[in-house]
Amino acid sequence: GQSLEQPSEVTAVEGAIVQINCTYQTSGFYGLSWYQQHDGGAPTFLSYNALDGLEETGRFSSFLSRSDSYGYLLLQELQMKDSASYFCAVGSGYSTLTFGKGTMLLVSP
Amino acid sequence: DVKVTQSSRYLVKRTGEKVFLECVQDMDHENMFWYRQDPGLGLRLIYFSYDVKMKEKGDIPEGYSVSREKKERFSLILESASTNQTSMYLCASSYPIRTGRPEQYFGPGTRLTVT
């Protein structure tokens, strides 16, 4: 089976940097993905790491260490609109994803 | 832009009713998925399909069935709705992971209430 652990809530102020960690246990690994979900909205894809290292997409970066079964999402120059839930997810060979329970990010002025 | 649509945003059904939730995607994706989302539990996979007429159980298939007669359409069926199936239901689609395009595209969700 697969399980993921991520913090339930993180708070930060506008302009700051925040890191959301994710640790996983999996019997098969096909990459670590991150999704963003605003309240009342659908999850949207943010990033994907298949190999170790850092992937950067604008203000967001994602990191993976397969040997540590660990990854994180880094959000820079936080904006109010970044207030949302963030889910890490590990992929399987069937193209399915197992999601973590989500981290609610609250950005304050 | 990929578009995944779901038949209803809100649905209220009575215990014991048969419920159909429909999902349509316009990107010719092979894979389609049904999840339910409950507070504090994240997204849990109910069923998925990797081809027409093919289906596989996810983590929580009990009480549900699915149908995929056409590539673009994936239906979730609650044979006899129960109050513990009150939830947000999310449909998603994607290319196979072997394509190197792992992102799943989600529909807006159906909030189902069973009374």
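Source: prediction; values computed, not measured.

Trainee: Mind laying out the interface of chain B and chain A, listing which residues take part and the relevant values?
Mentor: If you look at the interface, chain B gives 21 residues, while chain A gives 18 residues. In this assembly, chain B packs against chain A so that about 1600 Å² is buried in total across both faces, 64% of it on carbon and sulfur atoms. The interface formed by chain B and chain A includes zero salt bridges. Run the count over chain B and chain A and you get four residue pairs in polar contact (both at pLDDT 80 or more). If you list the elements that add at least two residues to the side of chain B that touches chain A, you get strand S4 (31-38) and strand S5 (42-49) of chain B. Residue classes in the side of chain B that touches chain A are distributed as 13 nonpolar, six polar and two charged.

Trainee: Got a sec to walk through the sheet that holds strand S8 (residues 70-75) of chain A? Specific residues and values, please.
Mentor: Residue and element names in this part refer to chain A. Strand order across the open sheet formed by five strands is S1-S3-S8-S7-S6, with antiparallel pairing between neighbours. Pairing within the sheet leaves two strands with one partner each, and these edge strands are strand S1 (3-5) and strand S6 (53-57). Averaged over all pairs of adjacent strands, the angle between their axes in this sheet comes to 20°, without regard to strand direction. Here S6 runs beside strand S7 (residues 60-65); their pairing, made up of five bridges, is antiparallel.

Trainee: So what about the nonpolar core? Which residues, and what values?
Mentor: Within the largest apolar cluster, 21 residues are counted, with the highest numbers of intra-cluster contacts made by Leu32, Trp34, Leu75, Tyr86 and Leu105 of chain A. Within the residue set of this core, elements represented by two or more residues are strand S2 (9-13), strand S3 (18-25), strand S4 (32-37), S7, S8, strand S9 (84-91) and strand S11 (103-108) of chain A. If near-sequence neighbours (up to four positions away) are discounted, Leu105 of chain A is found in contact with Val10, Val18, Leu75, Leu78, Asp82, Ser83, Ala84 and Tyr86 of chain A. Within the second largest apolar cluster, 20 residues are counted, among which are Tyr47, Ile60, Tyr64 and Leu112 of chain B.

Trainee: With reference to specific residues and values, describe the pairing of strand S8 (residues 73-78) of chain B.
Mentor: As a general feature of sheets, a regular strand has side chains that alternate between the two faces. Residue and element names in this part refer to chain B. Where burial is concerned, most of S8 is hidden: five out of the six residues are buried. As paired strands, strand S3 (residues 19-25) and S8 are joined by six bridges and run antiparallel to one another. Among the inter-strand pairings, Leu21 is bridged to a residue of S8, identified as Leu76. Examined bridge by bridge, strand S7 (residues 64-70) and S8 share five bridges and lie antiparallel to one another. When the bridges of S8 are listed, Tyr64 appears paired with Leu78. Hairpin geometry of S7 and S8 is characterised by an intervening segment of two residues between the two adjacent antiparallel strands.

Trainee: Please give an account of the packing of aromatic side chains that cites residues and values.
Mentor: For any pair of aromatic rings, the description rests on two quantities: the centre-to-centre distance and the angle between the ring planes. Residue and element names in this part refer to chain A. Using the criterion set out here, one finds 14 aromatic pairs over all chains in the structure. Ring plane angle 10° and centroid distance 4.9 Å describe the contact between Tyr24 and Phe29, whose orientation is recorded as stacked. We classify Phe29 as partly exposed; its relative accessible area is 24%.

Trainee: Describe the environment of Ala81 of chain B, with residues and values.
Mentor: All names here are of chain B. By secondary structure assignment, the location of Ala81 is in the loop between S8 and strand S9 (87-94). Through-space distance from the C-alpha of Ala81 to that of Gly16 is 4.9 Å; in sequence the pair is 65 residues apart. Dropping the residues within four chain positions of it, Ala81 is found in contact with Arg14, Thr15, Gly16, Glu17, Val19 and Val114.

Trainee: For empty space enclosed by the protein, give the residues involved together with the corresponding values.
Mentor: The final tally for this structure, using the stated rule, is one cavity of 30 Å³ or more. By volume, the largest cavity is sized at about 60 Å³. Lining the largest cavity are 13 residues; nearest its centre among them are Ser95, Thr96 and Leu97 of chain A together with Ile97 and Pro102 of chain B. A per-class count over the lining of the largest cavity returns six nonpolar, seven polar and no charged.

Parameters and conventions
Residues numbered from 1 in each chain as written. Chains lettered and ligands numbered in written order. Predicted model: local features only at pLDDT ≥ 70, side-chain atom pairs only at ≥ 80, totals over all residues. Heavy atoms only, no water. Contact = heavy atoms within 4.5 Å. Buried area = accessible area lost by both parts, 1.4 Å probe. Salt bridge = Lys/Arg side-chain N within 4 Å of Asp/Glu carboxyl O. Polar contact = N/O pair within 3.5 Å; in protein donor to acceptor, adjacent residues only side chain to side chain. Helix = DSSP H or I, 4+ residues; strand = E, 2+ residues; numbered from the N terminus. Nonpolar A, V, L, I, M, F, W, Y, C, P; charged D, E, K, R; others polar. Pairing = 2+ DSSP bridges. Axes fitted to C-alpha atoms, helices over the stretch in contact; angles between N-to-C directions. Core = buried A, V, L, I, M, F, W, Y, C linked by side-chain atoms within 4.5 Å. Buried < 20%, exposed > 50% of the residue type's maximum accessible area, 1.4 Å probe, protein only. Phe/Tyr/Trp six-rings, centres within 6.5 Å; stacked < 30°, edge-to-face > 60°. 1 Å grid on protein atoms, 1.4 Å probe; cavity = no way out; pocket = protein on both sides within 12 Å on 5 of 7 lines; lining within 4 Å. Points joined across faces, edges and corners; volume = space filled by probe spheres on them.

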